[in-house]
Amino acid sequence: MKNPFDLSGRTALVTGSSRGLGFAIAKGLAEAGAAVVLNGVNTKRLADAAEELRNAGHRVEMLSFDVTDEKAVAAAFAELDARGIAVDILVNNAGIQYRKPMLELETENWQRVLDTNLTSAFLVGREAARRMVARGHGKIINIGSLMSDLGRATVAPYTVAKGGIKMLTKAMAAEWAELGIQANAIGPGYMLTDMNEALINNPQFDGWVKSRTPARRWGKPEELAGTAVFLASPAADYINGQIIYVDGGMSAVV
Ligand code: GCO
């Protein structure tokens, strides 16, 4: 039996993949055989990430574009078309965090988080899907969060955006599954990333995460790679519209 998790011959675009969860996912997809297209707005960080994967023997392209800018997204896919690169697997990972109570939250920061964490997945997903439909197959993996299901004070726009990611995934499945595209989501829990540095370094918050999580620890970015490979692979060809929480069990318990 062929290895159902083999991604050889496939190309994956991972947005926001110069570091953190995006880089870990791109690395995991490359280790499973995929060629990867890294994306980010910091070109130095992007080049360093690409070099690391190339030095490990993987096939890597870079494409720096702003996932919140509709014209930039269209131009990016036109560039991929020109390079003869077909995106078989799209991971909508790009995201930011902005922590402030809603009573003080500035509208422009609310909008900025929603644009980056949610609307970008629609903009990039639509461009990728238009090409996937023409080929009759594709995988879209949206990166949600534990916050796709659970709220926490001071992170309202992030929570709303990640809840939207869960429902966008279901909307994509509703429209695109019959066209050969499997759209699913991953919901990371509290992960050891730069975005969470302030929380990790706060003894009270660190203690709360460890007591609230059945695994009694934070997650490592590389611990998302297996779920991404699974959802990107033929092993998941009959899975649509689902979200898999990789959160040490936090969403399963009170
Ligand atoms: C926070 C954290 C969460 C993380 C966590 C859940 O401020 O509570 O940033 O929003 O994203 O990893 O996904």
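Refer to the preceding data block for the structure.
For clarity, every value in this text was computed on a predicted model and none was experimentally measured. (Residues numbered from 1 in each chain as written. Predicted model: local features only at pLDDT ≥ 70, side-chain atom pairs only at ≥ 80, totals over all residues. Heavy atoms only, no water.)

Go over the overall build of the protein chain with me, naming the residues and quoting the values.
Along its length, the protein chain carries eight helices and seven strands. With respect to the three principal axes, the spread of C-alpha positions in the protein chain is 50 × 45 × 40 Å. Across the protein chain, contacts joining residues at least 24 apart in sequence account for 72% of those joining residues at least 6 apart. Summed over its atoms, the accessible surface of the protein chain is roughly 11500 Å², and 54% of this surface lies on carbon and sulfur atoms. Separation between the mean location of the 27 positive side-chain charges and that of the 27 negative ones in the protein chain comes to 3 Å. (Helix = DSSP H or I, 4+ residues; strand = E, 2+ residues; numbered from the N terminus. Contact = heavy atoms within 4.5 Å. Areas by Shrake-Rupley, 256 points an atom, 1.4 Å probe, with all protein chains shown as cover. Lys, Arg positive; Asp, Glu negative; His and termini not counted. Charge placed at Lys NZ, Arg CZ, Asp CG, Glu CD.)

Give me the lowdown on the site of the ligand, citing residues and values where you can.
In the vicinity of the ligand lie 15 residues, with R99, S145, R152, G189 and Y190 positioned nearest. A distance of 2.6 Å separates an oxygen atom of the ligand from a polar side-chain atom of S145. Separating an oxygen atom of the ligand from a backbone N or O atom of P188 is a distance of 3.1 Å. Coverage of the ligand by the protein amounts to 98% of the 330 Å² it exposes when considered alone. For the shell around the ligand, a count of residues per class yields nine nonpolar, four polar and two charged. (Near = heavy atom within 4 Å. Polar contact = N/O pair within 3.5 Å; in protein donor to acceptor, adjacent residues only side chain to side chain. Nonpolar A, V, L, I, M, F, W, Y, C, P; charged D, E, K, R; others polar.)

Hey, could you go over helix α8 (residues 225-232) for me, with residue numbers and the actual values?
Burial within α8 is extensive, with six of its eight residues counted as buried. Considered for burial, the residues of α8 that qualify are A225, T227, A228, V229, L231 and A232. Elements in contact with the buried residues of α8: α1 (20-31), β4 (89-92), β5 (138-143), β6 (181-188) and β7 (243-246). (Buried < 20%, exposed > 50% of the residue type's maximum accessible area, 1.4 Å probe, protein only.)

Hey, could you go over the sheet that holds β4 for me, with residue numbers and the actual values?
Read across the open sheet, the seven strands follow the order β3-β2-β1-β4-β5-β6-β7; overall the sheet is parallel. Both edges of this open sheet fall to β3 (60-63) and β7, since each of them pairs with a single strand only. Strand-to-strand, the axes of this sheet are offset by a mean angle of 20 degrees, without reference to chain direction. Relative to strand β2 (residues 35-39), strand β1 (residues 11-14) runs parallel, the two being bridged by four bridges. (Pairing = 2+ DSSP bridges. Axes fitted to C-alpha atoms, helices over the stretch in contact; angles between N-to-C directions.)

Break down the pattern of salt bridges for me, with residues and values.
Inspection of the entire model under this criterion finds 15 salt bridges. One salt bridge connects K139 with D237, and the closest N-O pair in it is separated by 2.6 Å. Of this pair, K139 sits in strand β5 while D237 is found in the loop between α8 and β7, placing the two residues 98 residues apart along the sequence. K139 sits in the buried class, given a relative accessible area of 7%. We classify D237 as partly exposed; its relative accessible area is 41%. (Salt bridge = Lys/Arg side-chain N within 4 Å of Asp/Glu carboxyl O.)

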